[in-house]
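The lines below spell out each chain.
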Amino acid sequence: MLSLLAQTYEYDYYGTVDVSGDAAAATGLIGSIVAVQFIIWIILYVYAALCLQFIAKKTNTPNGWMAWIPIANLILILQIAQLPLWYIVLMFIPLVNIVIIFIVWIKILEACGRPGWWVILLILPIVNFIIMGVVAFSKDGSKASASPASSPPAPTPPASGTPSTTPPATPPATPPKTPPATPPATPPPASQ
């Protein structure tokens, strides 16, 4: 009975075996695995929040700091996708949330100037973090910077009823003809 309380087992031909050292080793191993998983989780959370904050900045969405707060980042995602805020309720309904997340990320990708089919790549592990980084940290592709620098902006038509003050884009083909200048008439000589 005392041997059970001391967590030792007695075998007839092996002698006494102490298992308390094995339990401590197993506890230490489990603790280190949990610690490594927690550190990896923190690194991925920081990376995802940074990506979301840069995507908000790229799409000129206010309050990019909400990317760091757990429920507020869903609101920020909906603002970036330009969807109504009541979609957040749909994000918590099982199976419906999968469809909503696809719709939201398609809108986010299109807002950043990327093709919507990239949402398929977000399903793949590790690739999804790469895609988030490409969308967030790339210089090209955003609609804010999508205007080409080489072509001038198109002129806006004047409002109806107001004359246009902008000169025509091309000069007329022939110059307008002016009547020939006539010399001024001389007065008749005055008689004395």
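Basis of the calculations
- Residues numbered from 1 in each chain as written.
- Predicted model: local features only at pLDDT ≥ 70, side-chain atom pairs only at ≥ 80, totals over all residues.
- Heavy atoms only, no water.
- 1 Å grid on protein atoms, 1.4 Å probe; cavity = no way out; pocket = protein on both sides within 12 Å on 5 of 7 lines; lining within 4 Å.
- Points joined across faces, edges and corners; volume = space filled by probe spheres on them.
- Helix = DSSP H or I, 4+ residues; strand = E, 2+ residues; numbered from the N terminus.
- Core = buried A, V, L, I, M, F, W, Y, C linked by side-chain atoms within 4.5 Å.
- Buried < 20%, exposed > 50% of the residue type's maximum accessible area, 1.4 Å probe, protein only.
- Expected span 1.5 Å × (residues − 1).
- Polar contact = N/O pair within 3.5 Å; in protein donor to acceptor, adjacent residues only side chain to side chain.
- Contact = heavy atoms within 4.5 Å.
- pLDDT = per-residue confidence, 0-100.

Examining the layout of surface pockets
- Its volume calculated, the largest pocket comes out at about 450 Å³.
- Contributing to the lining of the largest pocket are 19 residues, with A48, I77, I101, W105 and M132 lying nearest its centre.
- Contributions of two or more residues to the lining of the largest pocket are made by α2 (20–58), α3 (72–80), α5 (96–111) and α6 (127–137).

Thoughts on the nonpolar core
- One finds I55, V104 and I108 to be the most contacted residues of the largest nonpolar core, which totals 30 residues.
- Taken together, the elements giving at least two residues each to this core come down to α2, α3, α4 (87–90), α5 and α6.
- By residue number, the principal contributor to this core is α3, which donates six residues.

Brief notes about the environment of Q82
- With respect to the secondary-structure elements, Q82 resides in the loop between α3 and α4.
- The exposed category is assigned to Q82, whose relative accessible area is 72%.
- Distance in space between the C-alpha atoms of Q82 and V104 is 8.8 Å, their sequence separation being 22 residues.

Regarding α5
- Here α5 contains 16 residues, and its C-alpha end-to-end distance of 23 Å stays within 8% of the 22 Å for a straight helix at 1.5 Å per residue.
- G113 lies just past α5 and shows a positive phi near 80 degrees.

Details of the side chain of S138
- When you line up the elements, S138 lands in the segment after α6.
- Residue class for S138 comes out buried when judged on its relative accessible area of 17%.
- For S138, the side chain forms a polar contact with the side chain of R114, separated by 2.6 Å.
- Leaving out residues up to four positions away in the same chain, S138 has contacts with K58, R114 and G133.

Looking at the environment of Y47
- Position of Y47 among the secondary structure elements: in helix α2.
- Separated by 85 residues in sequence, Y47 and M132 have C-alpha atoms that sit 9.2 Å apart.
- Those residues in contact with Y47, other than ones at most four positions away along the chain, are F129, M132, G133 and F137.

A word on the confidence of the model for the protein chain
- Scored by pLDDT, the protein chain has a mean of 78; 62% of the residues are at 70 or more.
- Taking the mean pLDDT of every element in the protein chain, the minimum, 50, falls on helix α1 (residues 2–5) and the maximum, 94, on α3.
- Under a pLDDT of 50 for its full length, residues 144–152 has, in the predicted model, three contacts with residues more than four places off or in other chains.

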